[in-house]
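Now for the letters of each chain:
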Amino acid sequence: MKPFEQGLVNYQHRLLAHDYGQVFCRFDAVQQTLWSYLHQPQRIPCINHDLLLNLHAHHEDIQRSGGYVQTDDEEVLPIRYSVFASATPGYFNMGGDLQKMAMAIRNQDRAQLQEYAKLSIDVVAQRAFRFNLDHVTKISLLQGEVLGAGIEAAMTSDVLIAERQSVFCFPELFFNMIPGMGAYSFIARKAGMAVADKMILGCERFTAEQCLEMGLIDIVVDEGEGEQAVQAFIQKNSRQAEGFLSAQKAKARINPLTYSELEDIVNVWVENALRLTERDLKVMDRFCRAQTRLFPEQEAAKEQVILNDQQQTGELLQQQVVNQ
């Protein structure tokens, strides 16, 4: 086996064996589908920095594998479908990490905002550009609240399937911001600029049915039927899979998304963030507190981890003093 081929095998095995932190994976060998779940049991389900790093590593491994998975019985199978979902009941994702963003803005920390923004569009681009693979069809499964950057992440897929209870909203304008990681780019291409303006500038909550009518969502099913709907779509699509995938590539060629477009818009987002007033930031703070009330146990666990780290650091410093 050539070294390059050996490298592919390593990544094919790693996809199911590696711990991606806030991303959990499983592979359906029958439908040749890689399921990637946002798995955030100890925190508010938002697009935090660690999650971005986890997603970036996961997406990179999909690309490096050549689009194949090595199962437990050492069978190598192609990834025909990549499904993006969430393991948090009632929530797909609540958007950006508002607490960290507010802190960076108050400190006028341009470097931190740019780092977060660039990593965000890098992750978006990996999936939007199909991991540089030709044979993978992308599906997003939405089963609850989908806010801000969560919508942007979901829209990197070819097909969006939502359960009926799902709600979609861009709250950024409440605190004088815009979504900057692909909202206009994806919504305008899929449903038109008027729909993009309606969703982004209106600050309204839209149901799954409304999003279906606007052309943003492709399939809506009853609560609890999301995974079966994904499986049903894959089974129904199997006979026309090549034609369907070619149609997605043709659409992308007619109105191509470029990395420079994402980069230009995210630079607007950074400049916008640095101009926010304290009044705007207080509104952002209220959103943070509302999220904390929804997930008090996760935040308590997070604070305990911080306290433990501080205690361990203090003990280490004391030990160093004694040794001296």
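Throughout, residues of each chain are indexed from 1 in the direction in which the sequence is written. Only residues with pLDDT of 70 or above have their local features reported here, since the model is predicted, and side-chain atom pairs are shown and tallied only from 80 upward, although totals for entire chains, interfaces and linings are computed over all residues. To obtain the side-chain values, all non-hydrogen atoms of the structure were used and water was disregarded.

### Structural notes on the overall build of the protein chain
Reasoning step 1: Strands are runs of DSSP state E lasting at least two residues, helices are runs of H or I lasting at least four, and both sets are numbered from the N terminus onward. Looking only at helices and strands, one finds 13 helices and 12 strands in the protein chain.
Reasoning step 2: Only protein chains enter the accessibility calculation, which uses a 1.4 Å probe; a residue whose area is less than 20% of its type maximum is buried, one above 50% is exposed, and one in between is partly exposed. A burial count over the protein chain gives 49% of its 324 residues as buried.
Reasoning step 3: Between two residues, a contact is recorded if the distance between any of their heavy atoms is within 4.5 Å. If you take every contact in the protein chain between residues at least 6 apart in sequence, the share linking residues at least 24 apart comes to 73%.
Reasoning step 4: Under the convention used here, a 1.4 Å probe and the Shrake-Rupley method define accessible areas, while residue burial counts only the protein chains that appear. Total accessible area on the protein chain stands at roughly 16100 Å², and carbon and sulfur atoms take up 52% of it.

### Here we look at the nonpolar core
Reasoning step 1: Residue types Ala, Val, Leu, Ile, Met, Phe, Trp, Tyr and Cys, when buried and joined through side-chain atoms within 4.5 Å, form a set referred to as a nonpolar core. Grouped together as the largest cluster of nonpolar side chains are 75 residues, with contacts concentrated most on L142, F168, M199, W269 and M284.
Reasoning step 2: Counting residues per element, this core draws most heavily on helix 4 (residues 110–128), at nine residues.
Reasoning step 3: Discounting residues that sit within four places of it in the chain, W269 has contacts with M101, L113, Y116, A117, M177, I178, P179, G180 and M181.
Reasoning step 4: Counting 14 residues, the second-largest nonpolar core is a separate cluster that includes Y37, V83, L141 and V159.

### As for the environment of G150
Reasoning step 1: With respect to the element layout, G150 can be found in helix 5 (residues 149–154).
Reasoning step 2: For G150, a relative accessible area of 0% gives the class buried.
Reasoning step 3: In sequence terms G150 and I47 are 103 residues apart; their C-alpha atoms lie 7.4 Å from each other.
Reasoning step 4: Not counting the four nearest positions on each side in its chain, G150 is found in contact with F92, N93 and G95.

### A word on the sheet that holds strand 1 (residues 23–28)
Reasoning step 1: Two strands make a pair as long as DSSP finds a minimum of two bridges between them. Within the open sheet, the six strands sit side by side as 1-2-5-7-9-12. Their pairing is mixed. Both edges of this open sheet fall to strand 1 and strand 12 (219–221), since each of them pairs with a single strand only. Strand-to-strand, the axes of this sheet are offset by a mean angle of 20°, without reference to chain direction.
Reasoning step 2: As paired strands, strand 9 (residues 159–163) and strand 12 are joined by three bridges and run parallel to one another. Within strand 12, the residue paired with E163 across the bridge is V221.
Reasoning step 3: Axis angles are defined between N-to-C directions and span 0 to 180 degrees, where every axis is a line fitted to C-alpha atoms and, for a helix, only to the segment in contact. On the sheet, helix 9 (residues 226–237) packs against strand 1, strand 2 (33–38), strand 5 (81–86), strand 7 (137–142), strand 9 and strand 12 and is oriented at approximately 155° with respect to strand 7.

### A few points about the sheet that holds strand 8 (residues 144–147)
Reasoning step 1: Spatially, 6-8-10-11 is the arrangement adopted by the four strands of the open sheet, whose pairing is mixed. Two strands in the sheet have a free side with no partner beyond their single neighbour: strand 6 (90–93) and strand 11 (206–207).
Reasoning step 2: Pairing of strand 8 with strand 10 (residues 167–169), which is carried by three bridges, proceeds in the parallel orientation. Bridge pairing in strand 10 places L147 opposite C169.

### Points about unusual backbone geometry
Reasoning step 1: In this structure, Q32 takes a positive phi of about 50° despite not being glycine.
Reasoning step 2: Note on placement: Q32 falls in the loop between strand 1 and strand 2.
Reasoning step 3: Positive phi outside glycine occurs at R130, with the angle close to 60°.
Reasoning step 4: Residue position: R130 is located in the loop between helix 4 and strand 7.
Reasoning step 5: Residue R130 is classed as buried on the basis of its relative accessible area, which comes to 9%.

### Things to note about the pairing of strand 2
Reasoning step 1: Of all six residues in strand 2, six are buried, a share of seventy percent or more.
Reasoning step 2: Of the two faces of strand 2, the one lined by T33, W35 and Y37 and the one lined by L34, S36 and L38 are each fully buried.
Reasoning step 3: Two elements, strand 1 and strand 2, share six bridges in a ladder whose sense is antiparallel. Paired with R26 across the two strands is W35, which belongs to strand 2.
Reasoning step 4: Counting the residues between successive antiparallel strands, the hairpin from strand 1 to strand 2 contains four residues, one of them, Q32, with a positive phi of roughly 50°.
Reasoning step 5: In the sheet, strand 2 pairs with strand 5 via six bridges, with the strands oriented parallel.

### Concerning the confidence of the model for the protein chain
Reasoning step 1: Known as pLDDT, the predictor's confidence for each residue is given on a scale from 0 to 100. On average, residues of the protein chain score 90 in pLDDT, and 89% of them reach the 70 mark or higher.
Reasoning step 2: In the predicted structure, residues 320–324 sits below a pLDDT of 50 and forms zero contacts with residues beyond four places in sequence or in another chain.

### What about the environment of L15?
Reasoning step 1: Secondary-structure assignment places L15 in helix 1 (residues 3–17).
Reasoning step 2: Among the residues examined, L15 registers a relative accessible area of 1% and is labelled buried.
Reasoning step 3: Through-space distance from the C-alpha of L15 to that of D61 is 6.5 Å; in sequence the pair is 46 residues apart.

### Some remarks on the packing of helix 4 against helix 11 (residues 259–274)
Reasoning step 1: Close contact between helix 4 and helix 11 brings their axes to 10 Å; oriented N to C, the two are set at 150°. It follows from the interaxial angle that helix 4 and helix 11 lie roughly antiparallel. Considering only the axes of helix 4 and helix 11, their crossing is right-handed. Taken together, the residues of helix 11 that come into contact with helix 4 (itself represented by R110, L113, Q114, Y116, A117, K118, I121, D122, V124 and A125) are Y259, L262, E263, V266, W269, V270, E271, A273 and L274.
Reasoning step 2: Lys, Arg, Asp and Glu make up the charged group, whereas Ala, Val, Leu, Ile, Met, Phe, Trp, Tyr, Cys and Pro make up the nonpolar group; the residues left over, Gly among them, are polar. When the residues that make up the contact of helix 4 with helix 11 are grouped by side-chain class, the tally is 13 nonpolar, one polar and five charged. We call two directions roughly parallel when the angle between them is under 35 degrees, roughly antiparallel when it is over 145, roughly perpendicular when it lies between 65 and 115, and oblique otherwise. A clockwise turn of the near helix away from the far one marks a right-handed crossing, whereas an anticlockwise turn of less than a right angle marks a left-handed crossing.

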